[in-house]
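So the chains spell out like this:
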Amino acid sequence: PLGMNDLTVIQTAQGLASYILQCNKNDDDDDITNNNKKRPLKAVVGYDHRSRSKFKLSSKQFAMYTKLVFEHAGIECTLLNGYVATPILAYAVTNIHAAV
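A. Up close: the pattern of salt bridges. Here the structure, examined in full by the defined rule, presents two salt bridges. For Asp48, the salt bridge identified is with Arg50, shortest N-O distance 2.7 Å.

B. Highlighting the nonpolar core. If you look at the biggest cluster of nonpolar residues, it comprises 10 residues: Ala17, Ile20, Leu41, Ala43, Val45, Tyr47, Ala63, Phe70, Ile75 and Cys77. At the level of secondary structure, the elements contributing two or more residues to this core comprise α1 (6-23), β1 (42-47) and α2 (59-72). Residue contributions to this core peak at three residues, all from β1. Residue contacts for Cys77: discarding those within four places in its chain leaves Ala43, Val45, Lys67, Phe70 and Glu71. Leu80, Val84, Val93 and Ala98 belong to the second largest nonpolar core, which has six residues in total.

Rules used in this analysis
- Counting starts from 1 at the beginning of each chain's written sequence and moves along it residue by residue.
- Given that the model is predicted, a residue must reach a pLDDT of at least 70 before its local features are reported, and side-chain atom pairs must reach 80 or more before they are shown or counted; all residues, however, enter totals for whole chains, interfaces and linings.
- Side-chain numbers come from the whole structure's heavy atoms, not from hydrogens or water.
- The term salt bridge refers to a side-chain nitrogen of Lys or Arg lying within 4 Å of a carboxyl oxygen of Asp or Glu.
- Here, nonpolar core refers to any group of buried Ala, Val, Leu, Ile, Met, Phe, Trp, Tyr and Cys residues whose side-chain atoms link them within 4.5 Å.
- Remark: exposure states derive from per-residue accessible area (1.4 Å probe, protein chains only) relative to the maximum for the residue type, with buried under 20%, exposed over 50%, and partly exposed in between.
- We count a stretch as a helix when DSSP gives it H or I for four or more residues in a row; a strand needs E for two or more, and each element gets its number in order from the N terminus.
- Any two residues having at least one pair of non-hydrogen atoms within 4.5 Å are treated as being in contact.

Below you can see the structure in the form of structure tokens.
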């Protein structure tokens, strides 16, 4: 738990958001099917049951920080409600055409 903390999660989410923005900088420029409008970048975040009250750490808290970082970067972000299994998160990413 000493390696995972709020700052680590926030900085990692900032790096991922920056990478997503950089990779999608020129996407959809000539997208005729979208009337030449860029589609908004989307992300999906989920969390599970893990937490360490002794260190005041939780998966839910990390997910909320990640959502805030993505939204601050201009990426639409959906935070799934309740504990989520990885396959459901992967399905949600595919279903809403999210970048991550």
